[in-house]
Amino acid sequence: NSTISERTAENFKNALNEDELNIALKTAKNYYGIETVWVLQTIRISENDRIYNNEGIESEYGFGEIIVFDVIANKDDDITNRVVSVVKDSNDEWIIINEGIFS
């Protein structure tokens, strides 16, 4: 069994309530609708533990501050698996801090 001290995707998801998850999801969807050339196909909460330990970016955030989504998006018929990381900033606003391919 995992403890809250383990930086797992499940623990990061469980640190947020349903309203926070919905706001983060809306933030991610808006990003693809407005701020990028990629067109969103599907989006879901990531189950990849490694992304939360991505040094210098996602690893800087703790439980209740970040959620990462797995995305399938396309651009000019190029369909790609991507990730988007959404964090709660110092004003309690959800913002995108990272987007792209994570392998």
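Computed from a prediction, not measured in an experiment: that's the story for all the values here.

Colleague: So what about the sheet that holds strand β3 (residues 78-88)? Which residues, and what values?
Modeller: Sheet architecture is open: 4 strands sit in the order β1-β2-β3-β4, paired in antiparallel fashion. Looking along the sheet, the strands with just one partner apiece sit at the ends: β1 (39-45) and β4 (94-100). Within this sheet the neighbouring strands show an average axis-to-axis angle of 30 degrees, counted without direction. Sheet topology note: the strand β2 (residues 66-75)/β3 ladder contains 10 bridges and is antiparallel. When the sheet's bridge partners are listed, isoleucine 72 is paired in β3 with asparagine 81. Strands β1, β2, β3 and β4 of the sheet are contacted by helix α2 (residues 18-34), whose axis makes an angle of about 55 degrees with β4.

Colleague: Give a description of the pairing of β2 that names residues and reports values.
Modeller: With respect to burial, β2 is a largely interior element, 8 of its 10 residues being buried. Note that β1 and β2 share 6 bridges and pair antiparallel. Bridged to isoleucine 45 within β2 is phenylalanine 69.

Procedures and definitions
- Throughout, residues of each chain are indexed from 1 in the direction in which the sequence is written.
- At least 70 in pLDDT is required for a residue's local features to be given in this predicted model, at least 80 for side-chain atom pairs to be given and counted, and no such filter applies to totals for whole chains, interfaces and linings, which use all residues.
- Hydrogen atoms and water are omitted, and side-chain values are computed over all heavy atoms in the structure.
- One requirement defines pairing of two strands: DSSP has to find at least two bridges between them.
- Only runs of H or I of at least four residues qualify as helices and only runs of E of at least two qualify as strands under DSSP, and these elements are numbered from the N terminus.
- To define axes, lines are fitted to C-alpha atoms, for helices over the stretch in contact only, and angles between the resulting N-to-C directions are given on a 0 to 180 degree scale.
- By definition in these notes, contact holds between two residues if any of their heavy atoms fall within 4.5 Å.
- Only protein chains enter the area calculation, which uses a 1.4 Å probe; residues under 20% of their type maximum are buried, those over 50% are exposed, and those in between are partly exposed.

Remember that the coordinates give geometry; whether it matters functionally is a separate question.
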